[in-house]
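# Chain and residue survey
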Amino acid sequence: MGGVLELCRARAVFNSLRGAFPGERPLQLAVGAWAGQQRYGGVCLPGPEAGDWAELPRTVGRVLGLGLCGVPFCGPGVPGTGDGGRGARGGEARTPGVRTPEVRTRGVRASGVRRSEGSLSDEGVEWAVRWEQLARWLPWSDGAEGGSAGGAASGERERWGPYWTTLARHAGLWGGPWVRPVWWFTPEDRALRGVGDAFLVGEALLVAPVCEPGVRSRRVRLPKGQWYDTATEVVYEGERTVEVAAPLDRVPVLVRAGAVVPVREAGGTVLDVWPLAESGPGAGLYIPDEEGGWSPPLVERYTSRLGADGEVVVERSGGPGAGPGGASAAGRPVRVRGLGAAEAVGPA
């Protein structure tokens, strides 16, 4: 898709926006891509055909593929009705935020799905809900609630905002994609190579979207280590296939045990610490988005461990205020998660 013309166009638009709005970061999304285009913006892939369940894992595969090719900021356009999410001329993406009546939903309640627009069948409503759940965990999507970059209108997405910011700055520093295949850290695990309907978000999170109708739980192959369900705080052993709950009102999201994850709360950024179920060190990064993103990023590195008295100790390493040993107190609010969960759950 695209060609060298897409690269030239992206560079021209980027430079024009920089000149017109000095001091502000341009945001552009192209419908085509070429090598090097990630320096100037992201890529908006064709949206899926509404109601096509096979498009959900395909979308995951496309985003993973572009990320591995060096384009970390990419995602699908708004779902369409047979034209692949493109406009009538076949070459332009739909206008951001404009969604067809066939796929409009406005919320999910614990008791079921609330339909406020359109006349979808039950399966059509379920597809729309599962699509939006997937879209919220991709770097960009025009199919998430609100139709904005990354589905930022979602409260769930907003809560993970500091983590997304860290992934964006991390990609700029080291080039790693935001969304990664589940074998990213353990390529030698052959059992993970065929997993195409789950993915990692950064180093800490594993997202397992539902890609079939009528499913309220799903099986997922986990990489090595221990993994907490972020909703139930149950911990699972890795390197095996487990069954996780997937009710209609949420997508299964697991977090690696030992992770230190920045999240947004009412009072500001909080470090969520998910300690290992057994003694061992953990780690995490936070890269604040300061001064509009143009200043050199300040990387905050954190480690976690269990103290002699069983309490979780979180320290900032290698940053301002670090002592002779290279570590200091975290310096940010810390919340320990997962310690009240049940014993580690084995294979399904």
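Figured I'd write up the structure that's included with this text. (Residues numbered from 1 in each chain as written. Predicted model: local features only at pLDDT ≥ 70, side-chain atom pairs only at ≥ 80, totals over all residues. Heavy atoms only, no water.)

## Let's talk about the sheet that holds strand β20 (residues 334-336)
In space, the three strands of this open sheet follow the order β14-β15-β20, with mixed pairing throughout. With partners counted over all chains shown, the strands left at the sheet margins are β14 (260-265) and β20, one partner each. Adjacent strand axes in the sheet meet at a mean angle of 35°, parallel and antiparallel pairs treated alike. For strand β15 (residues 268-273) and β20, the ladder comprises three bridges, and the chain directions are parallel. (Pairing = 2+ DSSP bridges. Helix = DSSP H or I, 4+ residues; strand = E, 2+ residues; numbered from the N terminus. Axes fitted to C-alpha atoms, helices over the stretch in contact; angles between N-to-C directions.)

## Regarding the environment of Pro333
Tracing the sequence through the fold places Pro333 in the loop between β19 (327-329) and β20. It is 6.2 Å that separates the C-alpha atoms of Pro333 and Leu271, two residues lying 62 residues apart in sequence. What Pro333 contacts, discounting residues up to four positions off in sequence, is Thr269, Val270 and Leu271. (Contact = heavy atoms within 4.5 Å.)

## Re helix α5 (residues 161-174)
In a regular helix each residue adds 1.5 Å, so 14 residues correspond to 20 Å; α5 covers 20 Å between its end C-alpha atoms and thus fits that length. Three or more residues of α5 are buried, namely Gly161, Pro162, Tyr163, Trp164, Thr166, Leu167, Arg169, His170 and Ala171. Just downstream of α5 lies Gly175, where phi reads positive at about 85°. (Expected span 1.5 Å × (residues − 1). Buried < 20%, exposed > 50% of the residue type's maximum accessible area, 1.4 Å probe, protein only.)

## Considering unusual backbone geometry
Unusually for a residue other than glycine, Glu233 sits at a positive phi of about 65°. With respect to the secondary-structure elements, Glu233 resides in the loop between β10 (226-229) and β11 (235-237).

## Thoughts on the pairing of β15
Among the six residues that make up β15, five are buried, leaving the element largely enclosed by the rest of the structure. Relative to β15, β14 runs antiparallel, the two being bridged by six bridges. In the sheet register, Glu265 faces β15, and the bridge partner there is Gly268. Two successive antiparallel strands, β14 and β15, enclose a turn made up of two residues.

## Regarding the nonpolar core
If you look at the biggest cluster of nonpolar residues, it comprises 45 residues, and the most contacted ones within it are Trp137, Phe199, Val201, Leu205 and Val261. Listed in part, the 14 residues of the second largest apolar core include Leu192, Ala208, Val220 and Val242. (Core = buried A, V, L, I, M, F, W, Y, C linked by side-chain atoms within 4.5 Å.)

## Side note on the packing of aromatic side chains
Summed over the entire model, instances satisfying the criterion amount to eight aromatic pairs. With 5.3 Å between their ring centres and 50° between their planes, Tyr228 and Trp274 make a pair best called tilted. Taken together, the residues span a long stretch of sequence, with Tyr228 in strand β10 and Trp274 in the loop between β15 and β16 (282-286) at a distance of 46 residues. Taken as a pair, Tyr228 and Trp274 share a single burial class, namely buried. The rings of Phe73, Trp137, Trp160, Tyr163, Trp164 and Trp178 are connected pair by pair, giving a single aromatic cluster. The ring of Trp164 has Arg157 lying over it, and the distance from NZ or CZ to the ring centre is 3.6 Å. In this structure, Arg159 is placed above the aromatic ring of Trp160, and the distance from its NZ or CZ to the ring centre is 5.2 Å. (Phe/Tyr/Trp six-rings, centres within 6.5 Å; stacked < 30°, edge-to-face > 60°. Lys NZ or Arg CZ within 6 Å of the ring centre and 35° of its normal.)

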